[in-house]
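Inside the fold
The lines below spell out each chain.
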Amino acid sequence: MRALRLSLLAASALLLEATPAWAQESDFNQASDWSVLLPNGGWFVLPILLCLGGTIWLIVTSTARMSRPRIGLLGHEETVRALFRQSDFAGADTFCREHPSSLTKILRAGIAVLGAGQQAVHDGVSAALATEELRFHTRFSYLKALAVCTPLLGLLGTIASLIGALLSYRPSGPDLAPALGAALVPSALGLLAGIVAAAAYFVLRERASAAILRLQEAVNHIFRRVSYDSLEGIEVGGHE
């Protein structure tokens, strides 16, 4: 929640900094700055700001989820590998339980079915790996949706603002230019939020794919030299 609040504050600061000077100096309809900035459809700026804040929150949390401690420290991989060389599978399961990460969750899924043979280990590890991959990519689908929908929301706000400004225009009334300029604010902000979401989507997706590949290589390397025939019927650990 703290990250979300900081994201919203940052988005608000960007909006205020991007507000043109005429929006602060105009006497259009003798109204306040916000009433000039948000006529009719201009209220779409508020949900766009929320979308921008949500985008930043998704970026922060997704980056943290793919950090080295959450994925699996290199020292953890070496420790489990050493325990496997000593055939201490119970110790490896205990270590994985006490040091939770994406790597240790996948390893535990394989250790739990060691006695059922190589195919069972392969199936268990594959299922656990797919679960971790789904955890990564679920948030990316939200970023992709924000990248598509936020600019459209800004465009809708601009169209609504233009319609409102043109319908209320009178030749003898105030200058129309400030209202038309303010109508472009939702589109500009929507494009900014969409660009941030799209860039984050592609960057984080590639990072997640690389992380999944590293996990797969580490797990395969650990289980590669296991003598499954000698472990038939053994029961080690289990799923929680």
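None of the values given here were measured: they were computed from a predicted structure. (Residues numbered from 1 in each chain as written. Predicted model: local features only at pLDDT ≥ 70, side-chain atom pairs only at ≥ 80, totals over all residues. Heavy atoms only, no water.)

Regarding the overall build of the chain
Worth spelling out the cut-off: Runs of E in the DSSP output that reach at least two residues are strands. Runs of H or I that reach at least four are helices, and both are numbered from the N terminus. When accessible area is computed with a 1.4 Å probe and restricted to protein chains, residues below 20% of their type maximum are described as buried, those above 50% as exposed, and intermediate ones as partly exposed. Should any heavy atoms of two residues lie within 4.5 Å, those residues are considered in contact. Working definition of accessibility: Shrake-Rupley area with a 1.4 Å probe, residue cover restricted to the visible protein chains.
Looking only at helices and strands, the chain has eleven helices and zero strands in total. Seen in sequence order, the chain has helices and strands lined up from the N terminus as α-α-α-α-α-α-α-α-α-α-α. For the chain, with 240 residues in total, the buried portion stands at 41%. Long-range contacts, defined here as pairs at least 24 residues apart, represent 81% of the contacts in the chain between residues at least 6 apart. Within the structure as shown, the chain displays about 13,200 Å² of accessible surface, and the carbon and sulfur contribution to it stands at 62%.

Observations concerning the confidence of the model for the chain
Definition in use: Each residue carries a pLDDT score, the predictor's own confidence in it, on a scale running from 0 to 100.
Looking at the chain as a whole, the pLDDT averages 79, with 80% of positions reaching at least 70. Across residues 3-39, confidence stays below pLDDT 50; counting only partners more than four residues off in sequence or on other chains, it has 45 contacts.

Overview of the side chain of S102
Operational definition: For the purposes of these results, a polar contact is taken to be a pair of N or O atoms within 3.5 Å, where, inside protein, one atom must be able to donate a hydrogen and its partner to accept one; residues adjacent in sequence count only when each atom of the pair is a side-chain atom.
Its place among the elements puts S102 in helix α8 (residues 102-111). With a relative accessible area of 4%, S102 lands in the buried category. Looking at S102, its side chain comes within polar contact range of the side chain of E132, at 2.8 Å. In this view, S102 contacts R70, I71, E132, R135, F136 and L215; residues no more than four positions away in its chain are not counted.

Thoughts on the environment of G115
Its location among the elements puts G115 in the loop between α8 and α9 (118-168). The exposure class of G115 is buried, given its relative accessible area of 15%.

A word on helix α6 (residues 74-85)
This is how the line gets drawn: To estimate the expected span of a helix, count its residues, drop one, and scale the result by 1.5 Å. In this description, one arc is meant: the one made by directions from the helix axis to the C-beta atoms.
Between its terminal C-alpha atoms α6 stretches 17 Å, which fits the 16 Å expected from twelve residues at 1.5 Å a residue. Along α6, the residues classified as buried are H76, E77, V80, L83 and F84. All buried residues of α6 lie within an arc of 130° about the axis, which places them on one face of the element. Pointing more than 90 degrees away from the buried face of α6 are the exposed residues L74 and R85.

Some remarks on the pattern of salt bridges
For the record, the criterion: Basic side-chain nitrogens of Lys or Arg form a salt bridge, by our definition, when they fall within 4 Å of a carboxyl oxygen of Asp or Glu.
Under the counting rule described, the total for this entry stands at five salt bridges. One salt bridge connects D93 with R108, and the closest N-O pair in it is separated by 3.2 Å. Of the two residues, D93 is situated in helix α7 (residues 89-98) and R108 in helix α8; the sequence distance between them amounts to 15 residues. The same class applies to D93 as to R108, namely buried. Two residues, R205 and E206, come together in a salt bridge whose shortest N-O distance is 3.8 Å. On the basis of relative accessible area, E206 is assigned to the partly exposed category, the value being 47%. By sharing partners, the salt bridges in this structure join D93, R97 and R108 into a single network.

What to know about the layout of surface pockets
What counts, and what does not: Only protein atoms enter the calculation, which uses a 1 Å grid: trapped sets of points that fit a 1.4 Å probe without letting it out are cavities, open sets showing protein on both sides within 12 Å along at least five of seven lines are pockets, and any residue with an atom within 4 Å of a point is a lining residue. Grid points are joined across faces, edges and corners, and a volume is the space filled by probe spheres set on the points. Residues were grouped as follows: Ala, Val, Leu, Ile, Met, Phe, Trp, Tyr, Cys and Pro as nonpolar; Asp, Glu, Lys and Arg as charged; and all remaining residues, including Gly, as polar.
In this structure, the largest pocket encloses a volume near 280 Å³. Around the largest pocket sit 14 residues that line it, and H122, V125, V219, N220 and F223 are the ones nearest its centre. Contributions of two or more residues to the lining of the largest pocket are made by α9 and α11 (185-223). Top contributing element to the lining of the largest pocket by residue count: α9, with six residues. When its residues are assigned to classes, the lining of the largest pocket shows eight nonpolar, five polar and one charged.

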